[in-house]
Amino acid sequence: MEVGFYGYKVYRADCSISTSSKLSGGGVLIAVSNVLISWNVETPSCSVECAFVAVKQSQNVLLVGGVYLPPNQPAVQYVDFCAAFEEIMLNNDFEGNVLLSGHFNLPHTDWNDTEGTLTDQVARPVFLRCAVYSIFVNYILNDRGIILDLVFSPRADKMVSKALDPILPVESHNPLLEIDTVFMGLKSAIRTSSVPDYKKSNTHEVFNWVQSFLYPQVDVPNMVEHNFTSLCRDLSEVIRRCTPHRIVYRGSFPFWFTPELKRLVILKKKLHRSYKQFPTDRKYMEFQKVRTQCKLLSKACYSNYINQVDSSLQTNIKAFWGHFNRTKKHAQAPPKIFLNDKSTEKPEMMWSLFSEFFASVYQSTTSTPSDYDFNTNLSLGGCHVTCEEVETRLSRLDENKGPGPDGIPPAILKYCGGILAPHITDYFNALISLGIFPQILKLGYVVPIFKSGDQSGIKNYRPVVIQSSLAKLFEAVVLYRLSFSLKNCIVPIQHGFMRGRSASKNLVLYQDDIVNAFSRNHQVDSIYLDLSKAFDRVCHTHLLGS
């Protein structure tokens, strides 16, 4: 999308030209190629001919503005334009990501002379806004040695030059200017990302697609895993097609900030910056007034938020735990992490160091496990799950959870549980009889969770794996069968990971044993064990053998 200002008219064109901007007398033509997103910025009522557009490329957002001011205009015209420009900046929070260009007709203004510019009633409002938003003007002179076409940007002196390949007729009073790399280093104040909105998925269409399934073919052992993998991938693809996306905004403000409070905070920062640039009593009083308003409104907003969390305890306990978790989280990820003598600031290298550390703590063993006799002939291959069990497990899925690597959310599985259960049951039974856990269910997202200490140290993180819902379902139905069949093999005093045996009950029994022993003058010996990184260090072969 391209937005141009030429001959004082605004137009849009779908053509593609170079990644530069051309300015010419009587107006300005601005063309941006390779633009992913462009949107109009609502321009306040203004007597000056001007227009603005916000351009986004990747994570960079730039406010592009064009203006034309005829010669010999009164100071009120410049004040009016600057007021409109400032209102746009306050309402959209573009900070210094600005490219403002056009025909200002200020030929006698020396932008290097701060004192002289401040006394010039016409140029003064423009100069002050440039100082507040840290944008600078170019110094490209025309044939008469003056500047008529101005470009305001964070690095105007580096970005603006005379055009070598003009696309418009060249005039002596208005040289053609070229602007390059306007996106360089301009980051968006509000980060956005597009994520699937599974709550708005077309579940009816997914349900109809699942209904068209043919009965699973599990009589060919070599094709069972392949067919199950195809089912998961096809279902994931259908869900992807039936799920819209939504834009997630991740701003720098706390989520309980109201729009009015955000506006005041931005205004306070800009007034403070303006006061530091040009300290006067009037500027300080303006800053002090807005700062007081921010403090009062901030207290009111936070108090209102806490009251909402408190009032929702009876009806929505998740609101409280959400608040609790947010208080524990750090504001942002560390910009630099280290592992031993290695450190990096690059995201791709960060994940490489995390992978290296998580893999290093795993210890494999080559020792042969002992033979254990539990007086049982139970074999995992003899487990058989029923369709009712699978359907019951599907109905218990938490539909608020997100999908795993397979892209199948629990909400869809729960909604289609009645017609999916027979297919899943046949595949699970066939896979169990063959002793296969499908590769597609072994995939997981490894997320590093910060524990304590220095946040930039990788050794202070632990990994958590986000699995697919079908993998958890497979584990649940098999565990239920195994735990029922192995009840006689587990000693009654075992409390960990046993249904109906909590830690509180274990402590009560332990206390009772101690009291009884003391009453009989017996000695009590207790051994406390805490295995560090047990899953990584305990031999899996011995666990399977036991």
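Q: Quick question: what am I supposed to make of the overall build of the protein chain here?
A: The number of helices and strands found in the protein chain is 17 helices and 18 strands. Counting only residues that meet the buried cut, the protein chain has 37% of its 546 residues in that class. Contacts in the protein chain between residues at least 24 apart in sequence constitute 64% of all its contacts with a sequence separation of at least 6. Carbon and sulfur atoms form 54% of the exposed surface of the protein chain, whose accessible area is close to 33200 Å².

Q: Explanation requested: the nonpolar core in the structure shown.
A: Soluble globular proteins tend to pack their nonpolar side chains together in the buried interior. Counting 37 residues, the largest nonpolar core has Val206, Phe228 and Leu470 as the members making the most contacts within it. Of all elements in the fold, only α5 (203-211), α6 (224-241), α11 (387-395), α12 (410-415), α13 (417-434) and α14 (469-485) reach the threshold of two or more residues within this core. With nine residues, α13 is the single largest residue contributor to this core. Sequence-distant contacts of Leu470, that is, excluding residues within four places in its chain, are made with Phe228, Cys232, Asp406, Ile408, Leu413, Ile424, Phe428 and Leu441. Among the nonpolar cores identified, the runner-up in size contains 23 residues, and Cys50, Tyr78, Ile88 and Met89 belong to it.

Q: I'm lost on the pattern of salt bridges in this one. Help?
A: Opposite charge on two side chains permits them to pair, given that their charged atoms come into close proximity. Throughout the structure, instances matching the rule amount to six salt bridges. One salt bridge connects Glu286 with Arg282, and the closest N-O pair in it is separated by 3.2 Å. Residue Glu286 and its partner Arg282 are located together in helix α8 (residues 281-311), separated by four residues, close to a single helical turn. Residue Glu286 is classed as partly exposed on the basis of its relative accessible area of 29%.

Q: Help me out: how do you make sense of the environment of Ala54 in this one?
A: Considering the arrangement of structural elements, one finds Ala54 in strand β6 (residues 49-57). With a relative accessible area of 0%, Ala54 lands in the buried category. Distance from Ala54 to Val98, taken between C-alpha atoms, is 9.3 Å for residues 44 residues apart in sequence.

Q: Can you walk me through a nonpolar patch on the surface in this structure?
A: A cluster of nonpolar side chains, contributed by Leu507, Tyr510, Phe518, Val524 and Tyr528, occupies part of the molecular surface with about 560 Å² of accessible area. Structurally, the position occupied by Val524 is in the loop between α15 (503-519) and α16 (534-537). Overall, Val524 belongs to the partly exposed group, its relative accessible area being 31%.

Q: Mind showing me how you'd approach the side chain of Ser456 here?
A: Tracing the backbone shows Ser456 in the loop between β17 (445-450) and β18 (461-466). A distance of 3.0 Å separates a polar atom in the side chain of Ser456 from a polar atom in the side chain of Asp454. For Ser456, the contacting residues outside a window of four places in its chain are Pro334, Lys336, Ile337 and Phe338.

Q: Would you mind showing me how to read the confidence of the model for the protein chain here?
A: As a general rule, the predicted coordinates of low-pLDDT regions are not to be interpreted in detail. Confidence in the prediction for the protein chain averages 76 pLDDT; 76% of positions are at 70 or higher. Per-element averaging of pLDDT across the protein chain places strand β2 (residues 9-13) at the bottom with 29 and α12 at the top with 92. When the criterion is pLDDT under 50, residues 181-189 qualifies, and its contacts beyond four places in sequence or with other chains add up to 24 contacts.

Q: Even after reading the chapter, I still don't get helix α7 (residues 259-277), so can you show me in this structure?
A: Structurally, the α-helix is built with 3.6 residues per turn, so residues lying three or four positions apart point the same way. In this model, α7 (19 residues) spans 27 Å end to end at C-alpha, consistent with the 27 Å of a helix rising 1.5 Å per residue. Every buried residue of α7 is listed here: Leu261, Leu264, Val265, Ile266, Leu267, Lys270, Leu271 and Ser274.

Q: How do you make sense of the pairing of strand β8 (residues 98-103) when you look at a structure like this?
A: Two faces make up the sheet, and in a regular strand the side chains alternate between them. In terms of residue burial, β8 counts as a mostly covered element, since six of its six residues are buried. Of the two faces of β8, both are covered, the one formed by Val98, Leu100 and Gly102 as well as the one formed by Leu99, Ser101 and His103. Sheet topology note: the β8/strand β10 (residues 149-153) ladder contains four bridges and is antiparallel. Across the sheet, residue Gly102 finds its bridge partner in β10, namely Leu150.

Q: Can you walk me through α11 in this structure?
A: Buried residues of α11: Glu389, Val390 and Leu394, and no others. Down the axis of α11, the buried set is contained in an arc of 135 degrees. They therefore lie on one face.

Q: Looking at this structure, I do not really get the packing of α13 against α14. What am I missing?
A: Working note: a packed helix pair is described by the angle between its axes plus the distance between those axes. The contact between α13 and α14 brings their axes to 12 Å, and the two run at 65 degrees. The orientation of α13 with respect to α14, classified from their angle, is roughly perpendicular. The hand of the α13/α14 crossing is right-handed. Contacts between α13 and α14 involve Ile424, Phe428, Leu431 and Ile432 from the first element and Leu470, Leu473, Phe474, Val477 and Val478 from the second. Classifying every residue of the contact of α13 with α14 gives nine nonpolar, no polar and no charged.

Q: Help me understand a positive patch on the surface, please; the structure alone is not making it clear to me.
A: On the surface, a cluster of positive charge is made up of Lys199, Lys318, Lys401 and Lys472. Here Lys401 lies in the loop between α11 and α12.

Q: I tried to follow the side chain of Thr425 on my own but got confused; where do I start?
A: Its place among the elements puts Thr425 in helix α13. Thr425 sits in the buried class, given a relative accessible area of 4%. Discounting residues that sit within four places of it in the chain, Thr425 has contacts with Val385, Thr386, Cys387 and Val390.

Q: Would you mind going over the packing of aromatic side chains with me for this structure?
A: Two descriptors summarise a pair of aromatic rings, namely the distance from one centre to the other and the angle between the planes of the rings. Here the structure, examined in full by the defined rule, presents 17 aromatic pairs. Seen in terms of ring centroids, Tyr275 and Tyr284 are 5.3 Å apart; in terms of plane orientation they differ by 55 degrees. Their pairing is tilted. Judged by relative accessible area, which is 31%, Tyr284 ranks as partly exposed. Note on Tyr284 and Phe287: the rings are 6.2 Å apart at their centroids and 55 degrees apart in plane angle, and the pair reads as tilted.

Analysis parameters
Residues numbered from 1 in each chain as written. Predicted model: local features only at pLDDT ≥ 70, side-chain atom pairs only at ≥ 80, totals over all residues. Heavy atoms only, no water. Helix = DSSP H or I, 4+ residues; strand = E, 2+ residues; numbered from the N terminus. Buried < 20%, exposed > 50% of the residue type's maximum accessible area, 1.4 Å probe, protein only. Contact = heavy atoms within 4.5 Å. Areas by Shrake-Rupley, 256 points an atom, 1.4 Å probe, with all protein chains shown as cover. Core = buried A, V, L, I, M, F, W, Y, C linked by side-chain atoms within 4.5 Å. Salt bridge = Lys/Arg side-chain N within 4 Å of Asp/Glu carboxyl O. Patch = residues over 30% accessible without salt bridge, like charges linked within 9 Å, V, L, I, M, F, W, Y side chains within 5 Å. Polar contact = N/O pair within 3.5 Å; in protein donor to acceptor, adjacent residues only side chain to side chain. pLDDT = per-residue confidence, 0-100. Expected span 1.5 Å × (residues − 1). Pairing = 2+ DSSP bridges. Arc of directions from axis to C-beta. Axes fitted to C-alpha atoms, helices over the stretch in contact; angles between N-to-C directions. Parallel < 35°, antiparallel > 145°, perpendicular 65-115°, else oblique. Left-handed = near helix turned anticlockwise from the far one by under 90°. Nonpolar A, V, L, I, M, F, W, Y, C, P; charged D, E, K, R; others polar. Lys, Arg positive; Asp, Glu negative; His and termini not counted. Charge placed at Lys NZ, Arg CZ, Asp CG, Glu CD. Phe/Tyr/Trp six-rings, centres within 6.5 Å; stacked < 30°, edge-to-face > 60°.

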